[in-house]
Amino acid sequence: SITSAKPHIDSGKLTPIAVTTSKRSSALPNVPTMAEAGVPGYELSPWFAAFVPARTPQPVVDTLNKAMVEALKKPAVQQRLAGIGAEPIGSTPAQLKEHLARETAKWGALIRERGIHAD
């Protein structure tokens, strides 16, 4: 992920050849996507999310979500995230649920297709 690699890129220890996301990263605007680099159809977008225990009351979930989305809009937070190459999204719990379903289906199919097993 860019957040892990960026300090090494910035120090000159790594030279990026492509990003794995479907569009170029604002943190590395001169680095092509995998498709632009000649590997069409390859996409891996790292993401982070916050979770709460099952059966957390909806008003609590809504309050936490609102606070986190508001925090992501603060200039200091945006500057800090940009500094490590992270691009905040800030969505709703419903959008996260849909994203999780897509990611689970996508990676589950690959795991089954390739016969990947945890040892």
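A brief structural summary. (Residues numbered from 1 in each chain as written. Predicted model: local features only at pLDDT ≥ 70, side-chain atom pairs only at ≥ 80, totals over all residues. Heavy atoms only, no water.)

Scanning the chain for helices and strands turns up 4 helices and 0 strands. Counting helices and strands in the order they occur from the N terminus, the chain gives α-α-α-α. For the chain, whose C-alpha radius of gyration is 17 Å, the value lies well above the compact-globule estimate of 14 Å for 119 residues. The dimensions of the chain, computed from C-alpha atoms along their principal axes, are 45 × 45 × 25 Å. When the accessible surface of the chain is totalled, it reaches about 9200 Å², and 60% of it is carbon and sulfur. (Helix = DSSP H or I, 4+ residues; strand = E, 2+ residues; numbered from the N terminus. Rg over C-alpha atoms; globule rule 2.2 N^0.38 Å. Areas by Shrake-Rupley, 256 points an atom, 1.4 Å probe, with all protein chains shown as cover.)

What follows is about helix α1 (residues 2-11). The complete set of buried residues in α1 reads I2, K6 and I9. What you see down the axis of α1 is that its buried residues fit within an arc of 70 degrees, all on one side. For α1, the elements touching its buried residues are α3 (75-83). Count one or two residues on from α1 and you reach G12, which has phi positive near 90 degrees. (Buried < 20%, exposed > 50% of the residue type's maximum accessible area, 1.4 Å probe, protein only. Arc of directions from axis to C-beta. Contact = heavy atoms within 4.5 Å.)

The next thing to look at is a nonpolar patch on the surface. On the surface, a cluster of nonpolar side chains totalling about 300 Å² of accessible area is made up of V52, V60, L64 and M68. Considering the arrangement of structural elements, one finds V60 in helix α2 (residues 58-73). (Patch = residues over 30% accessible without salt bridge, like charges linked within 9 Å, V, L, I, M, F, W, Y side chains within 5 Å. Salt bridge = Lys/Arg side-chain N within 4 Å of Asp/Glu carboxyl O.)

This part covers the pattern of salt bridges. Inspection of every chain in the model, using the stated rule, returns 3 salt bridges. The partner of K6 in a salt bridge is D10, with the nearest N and O atoms 3.0 Å apart. In this pair, K6 and D10 are both assigned in helix α1, 4 residues apart and thus about one turn of the helix distant. Across the salt bridge formed by R114 and E113, the nearest N and O atoms sit 3.6 Å from each other. Residue classification places R114 among the exposed residues on the basis of a relative accessible area of 58%.

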